[in-house]
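# Observations on the three-dimensional arrangement
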Amino acid sequence: MDAAAAYWWEAIREKRLLVQRCTSCSLVQHPPGPWCRRCRSATTLEWTPHPGTGRIVSFTEVFRTTYPEFQSELPYWIVMIELAPGAVMVSNLVRADGEAGNRAPRIGDAVELAYRERGGTTVPVFALAEQEPAR
Ligand SMILES: [Zn+2]
């Protein structure tokens, strides 16, 4: 794990989602890295909080797992979430209490960040948004 990833996971343990924003070209990027993926600057990245809202751009449904902590959740979805243009995150989609959270995901669905404890650590997961945010 590099320094940027370590810092990001430290924030996740405090239930804060951070993304990197370039002060030179304004790109918001995730996963974190040592330089801006658009303008290649290594000195203009700053950490900024993200509200944890986004849209599903891809997903797959998992029916078998070798991870004991996921056995009780089968089947589950692994989702690719676009947090912002240039910022994409892979995570799990968890079921919410509401009706929307119990249906299969679709490309373009709005999601909201949640946190779960897995294997002794805090991990970011997503649930389908209750309300469709304005586009
Ligand atoms: Zn940049």
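Helix and strand content of the protein chain: one helix and eight strands. Each helix and strand of the protein chain, ordered N terminal to C terminal, gives the series α-β-β-β-β-β-β-β-β. Taken over the C-alpha trace, the protein chain has a radius of gyration of 16 Å; the compact-globule value for 135 residues is 14 Å, and the two agree within 12%. Across its three principal directions, the C-alpha atoms of the protein chain cover 45 × 35 × 25 Å. Expressed as a percentage of its 135 residues, the buried residues of the protein chain come to 43%. For the protein chain, contacts bridging at least 24 residues in sequence account for 48% of all contacts bridging at least 6. Accessible area for the protein chain stands at about 7,900 Å²; split by element, carbon and sulfur atoms hold 52% of it. Once the 15 positive and 15 negative side-chain charges of the protein chain are each reduced to a mean point, those two points are 5 Å apart.

Next up on the list: helix α1 (residues 3-13). Within the sequence span of α1, burial applies to Ala-4, Trp-8, Ala-11 and Ile-12. Angular distribution of buried residues about the axis of α1 spans 105°; they occupy a single face of the element. Backbone nitrogen of Ala-4 and a side-chain oxygen of the N-cap are separated by 3.3 Å at the start of α1; the cap is Asp-2. Positive phi appears at Lys-15, one or two residues downstream of α1, with a value of about 60°.

Bringing the pairing of strand β5 (residues 76-84) into the picture now. Inspection of the sheet shows strand β4 (residues 53-62) paired to β5 by seven bridges, in the antiparallel sense. Within β5, the residue paired with Phe-59 across the bridge is Val-79. Bridge analysis of β5 against strand β6 (residues 87-93) gives seven bridges, and the strand direction is antiparallel. By the bridge assignment, Ala-84 is partnered in β6 with Ala-87.

Along the chain, the position of Thr-44 falls in the loop between β2 (28-29) and β3 (45-49). A relative accessible area of 15% places Thr-44 in the buried class. Here Ser-41 takes part through its side chain, which lies 2.9 Å from a polar atom of the side chain of Thr-44. Excluding anything up to four places from it in sequence, Thr-44 contacts Arg-21, Cys-22, Thr-23 and Ser-24.

The rules behind these values
Residues numbered from 1 in each chain as written. Predicted model: local features only at pLDDT ≥ 70, side-chain atom pairs only at ≥ 80, totals over all residues. Heavy atoms only, no water. Helix = DSSP H or I, 4+ residues; strand = E, 2+ residues; numbered from the N terminus. Rg over C-alpha atoms; globule rule 2.2 N^0.38 Å. Buried < 20%, exposed > 50% of the residue type's maximum accessible area, 1.4 Å probe, protein only. Contact = heavy atoms within 4.5 Å. Areas by Shrake-Rupley, 256 points an atom, 1.4 Å probe, with all protein chains shown as cover. Lys, Arg positive; Asp, Glu negative; His and termini not counted. Charge placed at Lys NZ, Arg CZ, Asp CG, Glu CD. Arc of directions from axis to C-beta. Polar contact = N/O pair within 3.5 Å; in protein donor to acceptor, adjacent residues only side chain to side chain. Pairing = 2+ DSSP bridges.

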